[in-house]
Amino acid sequence: MANPHDSSPVDPAADTTHKLWGGRFASGPHPLLDAVNRSIGTDFRLWPHDVRLSKAWARALGRAGVLSASDVDAIVEGLSRVADRLAAGATPIDTDEDIHTMIDRLLHEEAGAPASRLHTGRSRNDQVATATRLWTIAACEQLNLALVDLQSALLQQAEALQDAVLPAYTHLQRAQPVSGAHWLLAHFWPLHRDRQRLVSATRGTSVMPLGSGAIAGSAFPIDRHALREDLGFEHISYNSIDATGDRDFVAETVFVCAMTAAHCSRLAEDMIVYGSSEFGFVKFGDQFSTGSSMMPQKRNPDVFELARGSGARVLGDLVSMLATIKGLPSGYSKDLQDDKRAMFNAVDLLLLVLPAMAGAVAELRFDTKRMREAVTGGMMATDLADYLVRKGATFREAHGVVGRLVREAEQAGVELNELSLQQVRNAHPLLGEDAMEALGVDASMAVRNVAGGTGKEAVATQLKQAHASLRS
Ligand code: ARG
């Protein structure tokens, strides 16, 4: 048996096309196969992670006694030069099927014969799964930072709106008055949950497939725990069949993206509606508004509309990812090559949308006068019912009494709080001299200091909680 530490003077793998496979075929692949098979247009961006895991793999082969120390050095140093070339803009040639093939080709140019030993005991199946996981972990961190920026913009605006009042809507019908800060923070917490989901997605992603080979595990005595430590993964996979065919981490990450995009679309929708002339609560700033090619007066909230629209695109990525996984046999199938297309689309889109949203939110100017004017007397009907409950009525009875008063006001063409005290008091013996006070906007908010409510102290606490969540 040949000594595996010998560097052979001729490198049989170094043919001109530099395919990682092909020996068993009499002829080369049809150009149409190449066209449909080629993924480098998508996976090129994996290169820093592929270089990193390849260096770690070389070191693991060295520790296992498969590679000599000098071959490990030649490969690791060669890979550093490959990384330099890629960073400097090296571009693929026609025969570079994917980024793994391209890096292998460049490594042969840089390191010569030892490069032919790197792929010992590994497959592109465990390689691509590992590189994609490394990419995903970095992407989750970027998404987290982008979310924090959007949350910070919301929080800053919320702080300025603590004393502002606007209607809160259910069914998009005026419901009850709330503080402006309370409304804006209602868009802050969903993003907080998205960040928590990113933490969970990262944990699920931090499992190393490398060492699984094509499907049955590497035939060389690799210390996968040392390799895991070298690459910074939290765990190693339990099963090589599962590890090479598992794309749960991609589906999970794209789900977080889809959920985040859905949250952005709801925030966007509030701004679009509240920014219409009919509402007039908010004005869009110059830097994040667009005009019309025809109507000179227009100021359009395009960023928010694009954010709303991007929800559909990311949802499409999630559906396509789940559909790809569904029904696949165990182990790797080439369908899985499209995991990256779905995930890169989703992450790229969010990394465009989130910063643009943060900029647009920071530029919003609120018309607190219009907001307050939209709070009408009828919206405090619940407060009048609560007043009756405090005086001893049941809520059911109180609801009926106030309902009749609402009808009376409607028939008279006035708001509930525009009825005379006498008219109100006639409705029920428990309605006293102070009944009209229950119909005040500030009174309505002041009694809602329950944790998570719109009362002043509750909102102040919530703002503190929001700040604390951004520090964690
Ligand atoms: N470009 C491929 C992918 O992204 C690499 C894995 C190829 N494996 C294989 N058995 N052909 O999935």
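Further up the page is the structure itself.
Residues numbered from 1 in each chain as written. Predicted model: local features only at pLDDT ≥ 70, side-chain atom pairs only at ≥ 80, totals over all residues. Heavy atoms only, no water.

Engineer: Explanation requested: the pattern of salt bridges in the structure shown.
Structural biologist: Oppositely charged side chains may form a pair once their charged atoms are brought near each other. Using the criterion set out here, one finds 25 salt bridges in the structure. Close ionic contact of glutamate 229 with arginine 228 constitutes a salt bridge, the shortest N to O distance being 3.9 Å. Across the pair lysine 391 and aspartate 434 runs a salt bridge, and its minimum N-O distance is 3.7 Å. Taken together, the residues span a long stretch of sequence, with lysine 391 in helix H14 (residues 381-391) and aspartate 434 in the loop between helix H16 (421-425) and helix H17 (441-446) at a distance of 43 residues. One connected set of salt bridges, linked through shared partners, spans Arg81, Arg85, Asp96, Arg105, Glu109 and Glu110. (Salt bridge = Lys/Arg side-chain N within 4 Å of Asp/Glu carboxyl O. Helix = DSSP H or I, 4+ residues; strand = E, 2+ residues; numbered from the N terminus.)

Engineer: Explanation requested: the site of the ligand in the structure shown.
Structural biologist: Residues in close proximity to the ligand include Ser39, Asp43, Asp98, Arg124, Asn125, Val128, Tyr332, Lys334, Gln337 and Lys340, which together make up its full environment. Here asparagine 125 contributes a side-chain N or O atom positioned 2.9 Å from a nitrogen atom of the ligand. With the chains in place, 86% of the 340 Å² that the ligand exposes on its own is no longer accessible. Residue composition of the shell around the ligand, by class: two nonpolar, three polar and five charged. (Near = heavy atom within 4 Å. Polar contact = N/O pair within 3.5 Å; in protein donor to acceptor, adjacent residues only side chain to side chain. Areas by Shrake-Rupley, 256 points an atom, 1.4 Å probe, with all protein chains shown as cover. Nonpolar A, V, L, I, M, F, W, Y, C, P; charged D, E, K, R; others polar.)

Engineer: Looking at this model, I keep getting lost on the nonpolar core. Mind explaining?
Structural biologist: Core analysis: the largest hydrophobic core is formed by 110 residues, its most contacted members being Leu150, Leu227, Leu231, Tyr274 and Phe304. Once residues lying within four places of it in the same chain are set aside, the contact partners of leucine 150 are Leu191, Cys264, Leu267, Leu354, Met357, Ala358 and Val361. Counting residues in each nonpolar core, the second largest holds 24 residues, with Val375, Met379, Met380 and Ala393 among its members. (Core = buried A, V, L, I, M, F, W, Y, C linked by side-chain atoms within 4.5 Å. Buried < 20%, exposed > 50% of the residue type's maximum accessible area, 1.4 Å probe, protein only. Contact = heavy atoms within 4.5 Å.)

Engineer: Sorry, what's going on with the environment of alanine 181 here?
Structural biologist: With respect to the helices, strands and loops of the structure, alanine 181 is situated in helix H7 (residues 180-205). By relative accessible area, alanine 181 is classed as buried at 0%. Sequence separation between alanine 181 and glycine 22 is 159 residues, and the spatial gap between their C-alpha atoms is 64 Å. Once you skip the residues sitting within four places of it in the chain, alanine 181 turns out to touch Ala158, Leu161, Gln162 and Val459.

Engineer: What should I look at first to understand the side chain of serine 310 in this one?
Structural biologist: One can find serine 310 in helix H11 (residues 302-325). Sequence-distant contacts of serine 310, defined by excluding residues within four places in its chain, comprise Ala261, Leu349 and Val353.

Engineer: Which parts of the structure should I look at to understand helix H4 (residues 69-87)?
Structural biologist: The periodicity of an α-helix, 3.6 residues per turn, causes residues three or four positions apart to be oriented the same way. Under the 1.5 Å per step criterion, the end-to-end length of H4 is 27 Å for 19 residues, consistent within 8% with the ideal 27 Å. Looking at H4, one finds that the buried residues are Asp71, Val72, Ile75, Val76, Gly78, Leu79, Val82, Ala83 and Leu86. Summarising the axial view, the buried residues of H4 lie within an arc of 165°, below the 170-degree limit, and thus occupy one face. For H4, the exposed residues lying more than 90 degrees away from the buried face are Ala69, Ser70 and Asp84. Residues of H4 that are buried make contact with helix H3 (47-63) and helix H5 (99-111). (Expected span 1.5 Å × (residues − 1). Arc of directions from axis to C-beta.)

None of the figures reported here should be taken as evidence of function without further support.
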